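# Structural features, examined
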Amino acid sequence: MVRIEQRAGGTGLAKVSVDTVAARMRALRASLPPKDGLAVFNRVYLAVTEEIDRSLTRGAFEDPRAAATLDVLFAGRYLRAVDAVAAGRRPPACWRPLFQYRRHPGVRPLQFALCGINAHIGHDLALAVVDSCRALECEPDELERDFERVGDMLVALEERVREELMPGPDLLEVADPLTHLLASWSLERARDAAWSSARLLWRLRELPDLSREFRERMDAGVGLVGRCLLTPYAGPASARGVHSWQSGSDSASRR
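Residues numbered from 1 in each chain as written. Predicted model: local features only at pLDDT ≥ 70, side-chain atom pairs only at ≥ 80, totals over all residues. Heavy atoms only, no water.

### Some remarks on helix α6 (residues 144-165)
- The terminal C-alpha atoms of α6, which comprises 22 residues, lie 31 Å apart, in line with the 32 Å expected from a rise of 1.5 Å per residue.
- Among the residues of α6, those classed as buried are Asp146, Phe147, Val150, Gly151, Met153, Leu154, Val155, Leu157, Glu158, Val161 and Arg162. (Helix = DSSP H or I, 4+ residues; strand = E, 2+ residues; numbered from the N terminus. Expected span 1.5 Å × (residues − 1). Buried < 20%, exposed > 50% of the residue type's maximum accessible area, 1.4 Å probe, protein only.)

Following this line, the structure appears as structure tokens:
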């Protein structure tokens, strides 16, 4: 088990291990209904975190401490979004679609999974790289190999998720637009964009106004993509449940 220490005043994480983060996700899994959209993404992310923990134990990373730091700070951004919603606060824009539509009966599990992956990769990953560079007092280029290793695991998992959660052939004949929508997003491209964004944010760290503006625009843009990924499938099952979902989502939409 690789344990990291983060200076107080940074990200708020201290003496946290990847296993500790995984334990928090397991507790979250136990507290959520299986069909909840957040539960769907959490199961996917827990599988990634457990695989990273095993890889750290096997020595698969060039710098285990750096890889663990990146993973813990990365996961921390997701968990803080969960905590914000639980406390009635507004989460980052990239996460709002998942929390708003998590109980929509017309959204398929694969859509929930990809929406969460989009938020976490498209927004949180770049910020976690910057957080890690500050914690480790290094440049982004020094994290690139471990970043790529984590990214490769995510891409492999995304392929498995698509295979396991993709609607069956009969549904695809009816819902061809859904198939097209899900095929239009790529984790690999999102990962590449996250790395570019991280390098740019690192350069902008001494220009706080520009850095803040870039972060806000990145957050909003990723949130818009997430909302598109959650376009409901207008099938009979969803039509029967839309009224109950709408009444239950009013409070979320006002956040």
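### Observations regarding the nonpolar core
- Grouped together as the largest cluster of nonpolar side chains are 75 residues, with contacts concentrated most on Met25, Tyr45, Tyr78, Trp95, Ile117 and Val129.
- Listed by contribution, the elements that provide at least two residues to this core are α1 (18-31), α2 (37-58), α3 (64-86), α4 (96-101), α5 (109-136), α6, α9 (187-203) and α10 (208-229).
- Looking at which element gives the most residues to this core, the answer is α5, with 16 residues. (Core = buried A, V, L, I, M, F, W, Y, C linked by side-chain atoms within 4.5 Å.)

### Description of the packing of aromatic side chains
- A full pass over the atoms with the stated rule returns 7 aromatic pairs.
- Note on Phe41 and Tyr78: the rings are 5.1 Å apart at their centroids and 80° apart in plane angle, and the pair reads as edge-to-face. Residue Phe41 is found in helix α2, and its partner Tyr78 is found in helix α3; the two are separated by 37 residues along the sequence. When sorted by exposure, Phe41 lands in the same class as Tyr78, which is buried.
- Taken together, Phe41, Tyr45, Phe74, Tyr78 and Trp95 form an aromatic cluster joined through their ring pairs.
- Over the aromatic face of Trp202 sits the side chain of Arg205, whose NZ or CZ is 4.0 Å from the ring centroid. (Phe/Tyr/Trp six-rings, centres within 6.5 Å; stacked < 30°, edge-to-face > 60°. Lys NZ or Arg CZ within 6 Å of the ring centre and 35° of its normal.)

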